[in-house]
Amino acid sequence: EIYQCDWSSDVCSSDLARLTVHTKDGRRIFKEVLHRLGSPENPASEDEVYRKFGILTRQCLTDAQRNELIALVRDLDKLDDLGKLTAILAAARVN
């Protein structure tokens, strides 16, 4: 059971973040991340980018819209017309 949670980040000078969890039974659990996910030193995989895109767009795009948008963006350099892409974006629900 968590008693206290301390978090610190020095985002001005680096991607460093530290988290310490103090449990009610007296244990301390510490985690340090030197470079955030997605930084040049710790790049996100394609799957991680798509997963984050799914999380960030689940309130405004349907699964079908999201999948079509991903497919269009993957082949963006081959598109002759951006109409489909802009139609999906224009139809997105704004919450």
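Residues numbered from 1 in each chain as written. Predicted model: local features only at pLDDT ≥ 70, side-chain atom pairs only at ≥ 80, totals over all residues. Heavy atoms only, no water.

### Some details on the side chain of Q65
The test is simple: Secondary structure elements follow DSSP: runs of H or I of four or more residues count as helices, runs of E of two or more count as strands, with numbering from the N terminus. Polar contacts, as counted here, are pairs of nitrogen or oxygen atoms within 3.5 Å of one another; within protein the pair requires one atom able to donate a hydrogen and one able to accept it, and residues that are adjacent in sequence qualify only if both atoms are side-chain atoms. Two residues qualify as a contact provided that any one of their heavy atoms is within 4.5 Å of a heavy atom in the partner residue.
Turning to its location among the elements, Q65 is positioned in helix α2 (residues 63-74). Polar contacts involving the side chain of Q65 include one to the main-chain amide nitrogen of T62, which spans 2.8 Å. Ignoring sequence-local partners within four residues, the contact set of Q65 consists of C60, I88 and A91.

### Re the side chain of T57
Mapped onto the fold, T57 is located in helix α1 (residues 46-57). Of note is the side chain of T57, whose polar atom sits 2.6 Å from the backbone oxygen of F53. For T57, the side chain forms a polar contact with the side chain of R66, separated by 3.2 Å.

### Some thoughts on the packing of α1 against α2
Definition in use: Lines are fitted to the C-alpha atoms to define the axes, a helix being fitted only along its stretch in contact, and any angle between axes, read from their N-to-C directions, falls within 0 to 180 degrees. These descriptions rest on fixed angle ranges, namely under 35 degrees for roughly parallel, over 145 for roughly antiparallel, 65 to 115 for roughly perpendicular, and the rest for oblique. Crossing chirality is assigned from the near helix's rotation relative to the far helix, an anticlockwise turn below a right angle marking it left-handed and a clockwise turn marking it right-handed.
Packing of α1 against α2 brings their axes to within 11 Å, and their N-to-C directions diverge by 140°. Relative to α2, α1 is oriented oblique. The two elements α1 and α2 meet at a crossing, and its hand is right-handed. Along the contact surface, α1 presents E46, Y50, F53, G54 and T57, while α2 presents R66, L69, I70 and R74.

### Brief notes about the nonpolar core
Basically, it comes down to this: Definition used in this section: a nonpolar core is a set of buried Ala, Val, Leu, Ile, Met, Phe, Trp, Tyr and Cys residues joined via side-chain atoms within 4.5 Å. Three exposure classes are used, based on accessible area relative to the maximum for each residue type with a 1.4 Å probe and protein chains only: buried under 20%, partly exposed in between, and exposed over 50%.
If you look at the biggest cluster of nonpolar residues, it comprises five residues: L61, L69, L72, L85 and I88. Elements with a minimum of two residues in this core: α2 and α3 (83-91). Non-local contacts of L85, meaning those with residues more than four positions away in its chain, are made with L69, L72, V73 and L76.

### Points about the pairing of strand β2 (residues 17-23)
Inclusion rule: Strands were regarded as paired on the criterion that DSSP finds at least two bridges between them.
The buried fraction of β2 amounts to five of the seven residues, a majority that puts the element mostly inside the structure. Note that β2 and strand β3 (residues 28-33) share six bridges and pair antiparallel. Its bridge partner being in β3, A17 is matched across the sheet by V33. Between β2 and β3, which pair antiparallel in sequence order, lie four residues; one of them, G26, sits at a positive phi of approximately 95°.

### Some thoughts on the pattern of salt bridges
Side chains that carry opposite charge are capable of pairing whenever their charged atoms lie near each other. The criterion, for reference: Criterion for a salt bridge: a side-chain nitrogen of Lys or Arg within 4 Å of a carboxyl oxygen of Asp or Glu.
Enumeration according to the criterion identifies five salt bridges in this entry. Here E32 and R18 are joined by a salt bridge, their closest N and O atoms 2.8 Å apart. On the criterion of sequence distance, the pair formed by E32 in strand β3 and R18 in strand β2 is long-range, its members being 14 residues apart. Residue class for E32 comes out partly exposed when judged on its relative accessible area of 34%. The exposure class assigned to R18 is partly exposed, which follows from its relative accessible area of 36%. Where K78 meets D75, a salt bridge forms, and the shortest distance between an N and an O atom there is 3.9 Å. Take D75: its relative accessible area is 35%, and that puts it in the partly exposed class.

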